[in-house]
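Here is how the chains run, residue by residue.
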Amino acid sequence: MTVCTVLRVPAPGAADSALPGFTSGGSVVTVTDRFVIDPFGADIPGESARLRALGRVVPVELPGSIPAWAPTRYDTLKDLILDPQVSRDPRLHWKLWPEIGEHPSWGWILGWVGVVNMLSTYGGDHARLRKLVAPSFTHRRTEAMRARVEAITAELLHSLAAAGPDGRVVDVKAAFAQPLPMRIICELFGVPDELVDDTRRLIAAIMDTSDPSPEHAAFVQQQIGTVLPALIAHRSEHPGDDLTTELIRVRDEDGDRLSDEELLYTLLLVIGAGFETTVNLIGNAVVALLRHPEQLAAVRAGKIGWDAVVDETLRVHPSIASLPLRFAVSDIVVGDVTIPAGDAIITTYAAAGLDPARYGADADVFDAARGADDHLAFGIGVHRCIGAPLARVEALTALPALFERFPEIRLAVGEDELRQVPSFIAFGWQEVPVRLRA
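Quantities reported herein were computed from a predicted structural model and do not represent experimental measurements. (Residues numbered from 1 in each chain as written. Predicted model: local features only at pLDDT ≥ 70, side-chain atom pairs only at ≥ 80, totals over all residues. Heavy atoms only, no water.)

(A) Focus on empty space enclosed by the protein. Evaluated as defined, the whole model comprises 7 cavities of 30 Å³ or more. If you add up the space inside the largest cavity, you get close to 760 Å³. As for the largest cavity, its lining consists of 40 residues, and the residues nearest its centre are L119, L269, A273, T277 and C385. Residue assignment for the lining of the largest cavity shows that the elements contributing at least two residues are α4 (110-113), α5 (124-133), α9 (193-207), α12 (260-291), β8 (323-328) and α17 (388-405). (1 Å grid on protein atoms, 1.4 Å probe; cavity = no way out; pocket = protein on both sides within 12 Å on 5 of 7 lines; lining within 4 Å. Points joined across faces, edges and corners; volume = space filled by probe spheres on them. Helix = DSSP H or I, 4+ residues; strand = E, 2+ residues; numbered from the N terminus.)

Given below as structure tokens:
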């Protein structure tokens, strides 16, 4: 047996409590210490670099003292994502799943792995659920939404102009980056107006990993059990030309294809992923371009395409920094370390995008001319994000329109004053204060 002892590195402000060893009885690895992931995500790039210095895959501690492994390199993450011996189903392949009720501080993870949808299934179950949802995000349907994206963008820009005249500070995230994808996804899924705010609060609570308390976990579960059933009940009584109605129809016609539980959690996944990630994509791109005015000028002059801006944003500042959890179906060898069967793995998109071995010594620098369309931010393989085309349509509509309407736009605070959302999962800013005019 090889003992792999990794320096225990607490996150800034994180508790440094004594923890039991992370062992693999009879296998090849015993881990006695773990790198503590910052639940606030205060310095995701810096944390990624510190992890990378420790090895290709590092034992870590997630909020609530959940043990896992973190890939730190692009190639390592890509190989693990594509490895059929890596599962998304905790019920089948996480050795600690039977113990989850014994750890009140683990409750937050239930919003990610304690659900039954495409994100938390494996093999045939994943293929079945994806096949049911994928037709809702076809190229044809995405293109059909383009006119609505353009119309809502124009409406929001008009409101933004009214809110920020004469150099007044406005939050471009709250007034533009957030409402655009939120309105699109709510229209797509037929979310009634009275449930929009509740839906937004639910997704924000799931993304917030700064509070692993049982109370926060209970609030999330209570909201899941209230908001989504209300949506299903509304669309059952008032069916329409929307994706919730389509999924309800599938459930009612053949419960073997989609159960009540799968319907509920599929809606949680596609609605949440359909707006929160795009909010951060737009907000992160705005900040990146305002921090690099020479690149913004090159983009506006047509020397760099907006597609390249989106790809570089997703590489350097992916909307999802790390996604919990995947699980080793069998022992997996990564260099001189073996991840034992049954152990958890986080999907480290931020670390992969900043890997110097893939993107050079300046990998941490935003460079829209880099041509980084090989990023992993939308996933790869059977779990690639089915909503990626819609997210691109929204970003590629919103960003040019914003900078065309407000060519003098600039950040209203110093770069070090922007605050990361309280999450090691989501990668974005709490607010993006700007002045639209000098």
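Picking up where we left off.
(B) The arrangement of the pattern of salt bridges in detail. A full pass over the atoms with the stated rule returns 24 salt bridges. Ionic pairing is found between E312 and R315, a salt bridge with its closest N-O pair at 2.8 Å. Of this pair, E312 and R315 are both found in helix α14 (residues 306-316), 3 residues apart, which corresponds to roughly one turn of the helix. There is no split in this pair, since E312 and R315 are both buried. Several salt bridges share partner residues, and in doing so they unite E312, R315, D362 and R370 into one network. (Salt bridge = Lys/Arg side-chain N within 4 Å of Asp/Glu carboxyl O. Buried < 20%, exposed > 50% of the residue type's maximum accessible area, 1.4 Å probe, protein only.)

(C) The confidence of the model for the protein chain, seen in detail. Averaged over every residue, the pLDDT of the protein chain is 89; residues scoring 70 or more account for 92%. A low-confidence stretch, residues 1-29 (pLDDT under 50), is modelled with 69 contacts involving residues beyond four sequence positions or located in other chains. (pLDDT = per-residue confidence, 0-100. Contact = heavy atoms within 4.5 Å.)

(D) Examining the nonpolar core more closely. V60, L62, W94, F189, L325, L402 and F403 are the most contacted members of the largest nonpolar core, which has 129 residues in total. Non-local contacts of L402, meaning those with residues more than four positions away in its chain, are made with L157, L160, V172, F176, V286 and I409. (Core = buried A, V, L, I, M, F, W, Y, C linked by side-chain atoms within 4.5 Å.)

(E) Region of the structure containing the sheet that holds strand β13 (residues 433-435). Spatially, 3 strands are ordered β7-β13-β12 in an open sheet, and the strand pairing comes out antiparallel. Unpaired on one side and paired on the other, β7 (169-171) and β12 (410-411) mark the two borders of the sheet. (Pairing = 2+ DSSP bridges.)

(F) Representation of the pairing of strand β11 (residues 344-347) within the structure. With burial as the criterion, each face of β11 is covered, one bearing A344 and I346 and the other bearing I345 and T347. Where β8 lies against β11, 3 bridges are found, and the strand directions are antiparallel. By the bridge assignment for β11, F327 is matched with A344.

(G) Representation of the packing of aromatic side chains within the structure. In total, this model carries 5 aromatic pairs according to the counting rule given. Relative to W106, the ring of W94 lies with its centre 6.1 Å away and its plane at 20 degrees, an arrangement referred to as stacked. Placement of W94 in the loop between α3 (90-93) and α4 and of W106 in the loop between α3 and α4 is noted, with a sequence separation of 12 residues between them. On the basis of relative accessible area, W106 is assigned to the buried category, the value being 4%. Taken together, a centroid distance of 5.9 Å and an interplanar angle of 85 degrees make the contact between W108 and F424 edge-to-face. A residue pair is termed long-range when its members are at least 10 positions apart, and W108 in the loop between α3 and α4 and F424 in the loop between β12 and β13 qualify at 316 residues. A residue is classified by how much of its surface remains accessible, and W108, at 8% relative accessible area, is buried. The class for F424 is buried, based on a relative accessible area of 3%. What links up through ring pairs into an aromatic cluster is the set W94, W106 and F327. Positioned over the ring face of Y359 is R315, at 4.9 Å from the centre of the ring. (Phe/Tyr/Trp six-rings, centres within 6.5 Å; stacked < 30°, edge-to-face > 60°. Lys NZ or Arg CZ within 6 Å of the ring centre and 35° of its normal.)

(H) How the structure looks around the pairing of strand β5 (residues 66-71). Of all 6 residues in β5, 6 are buried; the element is thus mostly enclosed. Sheet topology places strand β4 (residues 57-62) next to β5; 6 bridges connect them, and they run antiparallel. Along β5, the bridge assignment pairs P59 with W69. Where β4 hands over to β5, the hairpin turn is made up of 3 residues, of which G64 adopts a positive phi near 85 degrees.

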